[in-house]
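Coordinates in review
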Amino acid sequence: MGWNEWPLIVFTVLAQTAIGAFWVHAFVLLGNTASSEQRQKLARGSLVLWLLMAVAFAASTAHLGMPLRAINSLARVGSAPLSNEILTGGAFFALGGLGWLLSVTGKGSAGLLKALTGLTLLASVAFLICMARFYMIDTVPTWNTSLTPAAFLVTALTAGLLLGRERLAAAGIQGPLGSVLLGIAALALLAGVVMTLVQQASLPHITSSIQSAADLVPDYAQRMASRFALLAAALAIWLGAERRASLPAQRSLATVALVLVLLGEMLGRSVFYGLHMTVGL
């Protein structure tokens with residue numbers, strides 16, 4: 001139930017993780033919360049984000065049947081949600097990759113790199129909005145709700161911020177920012193629980209002439225409970241990382257927590273795709 005859409009599960013979860021992690025990068029790179037050397041290390045370490053985006057896009061082309069069809073998805077930019085999603089995602093990937101390349105080669109000035117960071121930040125927000133808009137289809141009542149963009153944002157604020165935290169440790173950046181990110185992720189987790197309760201209560205009222213949304217994922221409660229157990233365990237490990245003075249220990253614990261969060265979000269996303277239904281016959 002939903003796992004048959006594994007290319008889209010991988011694409012959406014990894015892309016939203018990269019988006020949230022870049023928000024952390026942008027905050028540090030555009031601010032004065034770290035030394036120039038630390039910001040340089042963080043910029044170079046963003047390669048992890050762009051590798052995730054590469055895997056995400058590779059998975060998305062698998063959903064098209066033939067990867068060479070991917071270029072056709074840009075045929076209706078401005079009018080088709082899929083075209084807008086691919087355009088903004090490509091812009092996020094290209095701008096961010098360019099910024100990483102200039103940082104590694106030392107070719108870009110500080111002003112140029114900040115400008116690229118700002119543009120990439122805008123592209124990331126546009127990408128997340130277009131990704132959510134693609135699924136808000138009039139004929140799919142289980143997706144066409146405000147819960148869809150909210151769920152995508154929760155993934156960015158849990159998995160994404162956690163990846164960003166791991167990258168901060170890799171760059172040698174310490175301070176209160178890690179605890180702030182943990183607090184935001186905890187609030188996002190709480191919001192996700194509330195959203196799940198709201199959705200579960202609404203499913204019996206979404207019906208077509210042949211099926212009820214409540215019957216699409218019979219083990220909805222068990223799966224979502226497992227998802228939030230994984231996320232809660234990850235946040236507990238993250239809390240432990242914040243209490244460690246050693247940066248290598250922080251990074252190791254953050255990596256373990258990130259794996260748990262990704263597993264939980266992919267489990268939740270399988271439920272999302274399992275809830276696909278259309279109006280009418």
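Residues numbered from 1 in each chain as written. Predicted model: local features only at pLDDT ≥ 70, side-chain atom pairs only at ≥ 80, totals over all residues. Heavy atoms only, no water.

1. Re the pattern of salt bridges
Should the charged atoms of two oppositely charged side chains come close, the side chains can pair. What counts, and what does not: Here, a salt bridge means any Lys or Arg side-chain nitrogen found within 4 Å of an Asp or Glu carboxyl oxygen. In this text, helices come from DSSP runs of H or I with a minimum length of four residues, and strands from runs of E with a minimum of two, each type numbered from the N-terminal end. Any residue under 20% of the maximum accessible area for its type is buried, any over 50% is exposed, and the rest in between are partly exposed; the area is computed with a 1.4 Å probe on protein chains only.
Using the criterion set out here, one finds six salt bridges in the structure. Among the ionic pairs, Glu242 bridges to Arg165, the shortest N-O distance being 2.6 Å. Of this pair, Glu242 sits in helix H8 (residues 220–242) while Arg165 sits in helix H6 (residues 147–170), and the two are 77 residues apart along the sequence. For the pair Glu242 and Arg165, one class covers both residues: buried. Here Asp219 makes a salt bridge to Arg223, at a shortest N to O gap of 3.5 Å. With a relative accessible area of 26%, Asp219 lands in the partly exposed category.

2. Concerning the environment of Gly178
For clarity, the cut-off: Here, two residues are considered to be in contact whenever any of their heavy atoms come within 4.5 Å of each other.
Inspection of the secondary structure puts Gly178 in helix H7 (residues 177–202). Gly178 sits 40 residues away from Pro218 along the chain, and the two C-alpha atoms are 38 Å apart. Dropping the residues within four chain positions of it, Gly178 is found in contact with Arg165, Trp238 and Glu242.

3. Description of the confidence of the model for the protein chain
How we decide: The pLDDT score gives, residue by residue, the confidence of the prediction method on a 0 to 100 scale.
When pLDDT is averaged along the protein chain, the result is 90, and 93% of the positions lie at 70 or above. Within the protein chain, no element has a lower average pLDDT than helix H2 (residues 36–45), which sits at 88, and none a higher one than H6, at 96.

4. Side note on empty space enclosed by the protein
Put simply, the rule is: The way it works is a 1 Å grid over only the protein atoms, where trapped points that fit a 1.4 Å probe form a cavity and open points with protein on both sides within 12 Å along at least five of seven lines form a pocket, and then any residue with an atom within 4 Å of a point lines it. Grid points are joined across faces, edges and corners, and a volume is the space filled by probe spheres set on the points. Classification used: nonpolar for Ala, Val, Leu, Ile, Met, Phe, Trp, Tyr, Cys and Pro, charged for Asp, Glu, Lys and Arg, polar for all others including Gly.
For the coordinates displayed, the defined rule picks out two cavities of 30 Å³ or more. Its boundaries defined by the atoms lining it, the largest cavity holds a volume of some 250 Å³. Around the largest cavity, the lining comprises 20 residues; the ones closest to its centre are Ala151, Gln199, Met224, Arg227 and Phe272. Of all the elements in the fold, those that place two or more residues in the lining of the largest cavity are H6, H7, H8 and helix H9 (247–274). When grouped by side-chain class, the residues that make up the lining of the largest cavity number nine nonpolar, eight polar and three charged. The calculated volume of the second largest cavity comes to roughly 30 Å³. Forming the walls of the second largest cavity are Arg165, Leu168, Ile173, Gln174, Gly175, Leu177 and Gly178. Taken together, the residues of the lining of the second largest cavity break down into three nonpolar, three polar and one charged.

5. Some remarks on the packing of aromatic side chains
Selection rule: Any Phe, Tyr or Trp ring, taking Trp's six-membered ring, that has another such ring centre within 6.5 Å forms a pair; planes under 30 degrees apart are called stacked, those over 60 apart edge-to-face, and the others tilted.
Under the defined criterion, the tally for this structure stands at 17 aromatic pairs. Between Phe11 and Phe127, the aromatic rings sit 6.3 Å apart at their centres with planes inclined by 55 degrees, giving tilted as the arrangement. Highlighted residues: Phe11 in helix H1 (residues 6–30) and Phe127 in helix H5 (residues 110–135), separated in sequence by 116 residues. Here the two residues Phe11 and Phe127 agree in accessibility, since each one is buried. An angle of 70 degrees between the planes, with centres 5.1 Å apart, marks the rings of Trp50 and Phe92 as edge-to-face. Taken together, the positions of Trp50 in helix H3 (residues 47–62) and Phe92 in helix H4 (residues 81–105) put the pair 42 residues apart, joining distant regions of the chain.

6. Topic: H8
Spelled out, the test is: Given a helix with a known number of residues, its expected span is that number minus one, times 1.5 Å.
Here H8 is 23 residues long and its end C-alpha atoms lie 33 Å apart, about the 33 Å a rise of 1.5 Å per residue gives. Regarding H8, the residues found buried are Tyr220, Arg223, Met224, Arg227, Phe228, Leu231, Ala234, Leu235, Trp238, Ala241 and Glu242. Buried-residue contacts for H8 involve H6, H7 and H9.

7. Quick notes on the layout of surface pockets
Each pocket or cavity is described by its volume, and for the largest pocket that value is around 410 Å³. Lining the largest pocket are 24 residues, with Leu29, Gln40, Ala43, Ser103 and Leu113 positioned closest to its centre. When residues of the lining of the largest pocket are traced back to their parent elements, those giving at least two are H1, H2, H4 and H5. Here the residues of the lining of the largest pocket sort into 10 nonpolar, 11 polar and three charged.

8. A word on the nonpolar core
Note the cut-off: Nonpolar core, defined: a set of buried Ala, Val, Leu, Ile, Met, Phe, Trp, Tyr and Cys residues in which side-chain atoms within 4.5 Å join the residues together.
The biggest cluster of nonpolar side chains holds 75 residues, and the ones touching the most others in it are Met53, Phe92, Phe127, Leu168 and Trp238. Looking at this core element by element, the count peaks at 16 residues for H1. Phe127 has contacts with Phe11, Ala15, Ile19, Met53, Glu85, Thr88, Gly89 and Phe92, leaving out every residue within four places of it along the chain.

9. Topic: a nonpolar patch on the surface
Worth spelling out the cut-off: Each patch is built from residues that are more than 30% exposed by relative accessible area and take part in no salt bridge. Like charges join if they lie within 9 Å; nonpolar side chains (Val, Leu, Ile, Met, Phe, Trp, Tyr) join within 5 Å. Note on areas: Shrake-Rupley, 1.4 Å probe, and residue coverage restricted to the protein chains presented here.
The grouping of Leu187, Leu190, Val194 and Val198 at the surface amounts to a nonpolar patch, some 380 Å² of accessible area in total. When you line up the elements, Leu187 lands in helix H7. By relative accessible area, which is 59% here, Leu187 ends up exposed.

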